[in-house]
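The residues making up each chain are set out below.
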Amino acid sequence: MDRTLAADLARLPDLLDATRRAAAEALATLDERAVVPDMPKPADPEPLPERGRGAEAALAAFRARWEPRLSASAGPRYFGFVTGGATPAALAGDWLTAAHDQNSNSSMDRAGQDLERETVGWLRELFGLSDAHTGTFVSGATMSNTTGLAIAREWLGERLGVSPADDGAGALGPVRVLSGAPHSSIAKALSVLGLGRNSLVRVPTLPGREAVDPAALDRALADTHGPAVVVANAGTVDTVDFDDVPAIAALRARHDFWLHTDAAFGAFAALSPDHAHLAVGLDASDSLCVDLHKWLNVPYDSAVQFTRRRDLQARVFQNAAAYLGPLGEHPDLVHLTPENSHRLRALAAWFTLRAYGRQGHREIVERNITGARSLGAALAEDPAFTLLAPVRLNVVCFTLTDNPDPARLTALREAVAAEVFVTPTVHEGTAGLRAAFSNWRTTHADVQRAARALRTAAREIA
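Residues numbered from 1 in each chain as written. Predicted model: local features only at pLDDT ≥ 70, side-chain atom pairs only at ≥ 80, totals over all residues. Heavy atoms only, no water.

A. Here's a closer look at the packing of helix α2 (residues 12-28) against helix α3 (residues 55-65). At a minimum axis distance of 10 Å, the contact between α2 and α3 shows a crossing angle of 15°. When the axis of α2 is compared with that of α3, the two are roughly parallel. In the packing of α2 onto α3, the handedness of the crossing is left-handed. In this structure, α2 uses L15, A18, T19, A22 and E25 to contact α3, whose residues at the interface are A55, E56, L59 and R63. Of the residues in the contact of α2 with α3, the class split is five nonpolar, one polar and three charged. (Axes fitted to C-alpha atoms, helices over the stretch in contact; angles between N-to-C directions. Helix = DSSP H or I, 4+ residues; strand = E, 2+ residues; numbered from the N terminus. Parallel < 35°, antiparallel > 145°, perpendicular 65-115°, else oblique. Left-handed = near helix turned anticlockwise from the far one by under 90°. Contact = heavy atoms within 4.5 Å. Nonpolar A, V, L, I, M, F, W, Y, C, P; charged D, E, K, R; others polar.)

Written out as structure tokens, the structure reads:
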């Protein structure tokens, strides 16, 4: 064994303790650090060391060279994208995931996939899904959407008497995928799956909304030759609008289509009694995407996909090799996603669900919703700002009242980056900014601090 590696093995408990102290210090200082540090230029790459100096030296080098450049994305005022943090239990689970280093794909070494199935069962209950849905962990919403649409592709083949998994997507002929306000990952998935970005047909939405117009969808389906795919949205990116999934599902009485629902973070509305009506109908989906490193507050990367047609899922993703074992009636996870290597992502989710239960995660969701509404109200009261949409759940979509051009919004965003991080958008042709609340640490004090920073910056750039 390499001498430096052997020395690290001998001192492993001390090295882990040093890492624990570094992690604890980073988390303890989240409130004091710049949310996004000012880094005017990228770091120049260093050459690969010919001879290493061990883990302790690597830790010191990381803390000196890279840690100051990292954002406080685990903290309470990182409102960019839809980014959760890691609850204490989720962090513990993630550390143990690395320590045990399981590739949880095979029943020949089955504990990991049994744990995942238990966790998927808890999530199914959390979101109000029936036992007809089976689920598997994947890396994020993009992979969850891709997996769901891959199953939809095979369903189209089943309807047409072909198998795209065997014969290629070309065997389907032209395909129509209908949606009102699809997330960008849907087009990406269609590109990857060989259906093509141009197969995505945007259906008119309700006036002033991002929710699809069910009557317009009905007409679009009537104009579609053969079976189709409908992508419903349970929580759009800009305004967290929800399609009427029950109304869409009812259209199956007249039209032949697969219903995939993108509920990446909107599914968590089911946890709040005051907002659970938004998530009604998710169980009617043929496939469903839910992201977990958003509102479940587990570390990146983690999401889950659900489907009612595990048989088609296995037909798409089956992997034939003697060392992987047979497909069987209950397929191993290796036969259910694009990944052959599948880290035990479920452990972090298992930990946080076991530690805090439904009630603890409901409190996080409701506190985030309250925070978003408070920020929205504070900005609406300031004449410098205009809300671009109502605060329906956990996202505030806003812009500058005067001259909201991208350059001024970029200046505003950069001016507040040390205090609060928001991301740019364009909503109904107007450039704006988004503040998405999904971190378990965010409190009313953080909302006030963010509002003050935005108001001050708006006056400075006026």
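From this point, things continue past the structure.
B. View of the pairing of strand β5 (residues 257-262). Across the six residues that make up β5, a large majority, six, are buried. As judged from the six bridges shared by strand β4 (residues 228-233) and β5, these two strands associate in the parallel manner. Bridging across to β5, N233 finds its partner in D262. Tracing the backbone out of β4, into helix α10 (residues 245-250) and back to the parallel element β5 gives a crossover that is right-handed. Where β5 lies against strand β6 (residues 287-291), three bridges are found, and the strand directions are parallel. Following the sheet pairing, D262 is matched in β6 by C289. (Buried < 20%, exposed > 50% of the residue type's maximum accessible area, 1.4 Å probe, protein only. Pairing = 2+ DSSP bridges. Right-handed = clockwise from strand over helix to strand, strands pointing away.)

C. Structural context of a nonpolar patch on the surface. On the surface, a cluster of nonpolar side chains totalling about 540 Å² of accessible area is made up of M1, L5, L9, L12 and L16. For the nonpolar patch, the elements supplying multiple residues, two or more each, are α1 (3-10) and α2. Mapped onto the secondary structure, L9 falls in helix α1. Residue class for L9 comes out exposed when judged on its relative accessible area of 52%. (Patch = residues over 30% accessible without salt bridge, like charges linked within 9 Å, V, L, I, M, F, W, Y side chains within 5 Å. Areas by Shrake-Rupley, 256 points an atom, 1.4 Å probe, with all protein chains shown as cover. Salt bridge = Lys/Arg side-chain N within 4 Å of Asp/Glu carboxyl O.)

D. Up close: the packing of aromatic side chains. On inspection of all chains with the given rule, the structure shows nine aromatic pairs. Ring centres of W155 and W258 lie 6.0 Å apart, and the angle between their planes is 50°; on these two criteria the pair is classed as tilted. Taken as a pair, W155 in helix α6 (residues 141-160) and W258 in strand β5 lie far apart in primary sequence, 103 residues in all. The exposure class assigned to W155 is buried, which follows from its relative accessible area of 5%. Given a relative accessible area of 1%, W258 falls into the buried group. Between F385 and F398 the ring centres are 5.8 Å apart and the planes differ by 75°, which places this aromatic pair in the edge-to-face class. Here F385, found in strand β8 (residues 385-387), pairs with F398, found in strand β9 (residues 395-400); they are 13 residues apart in sequence, far enough to count as distant. Its relative accessible area of 0% is what places F398 among the buried residues. Members of the aromatic cluster, connected to one another through ring pairs, are Y78, F81 and F421. (Phe/Tyr/Trp six-rings, centres within 6.5 Å; stacked < 30°, edge-to-face > 60°.)

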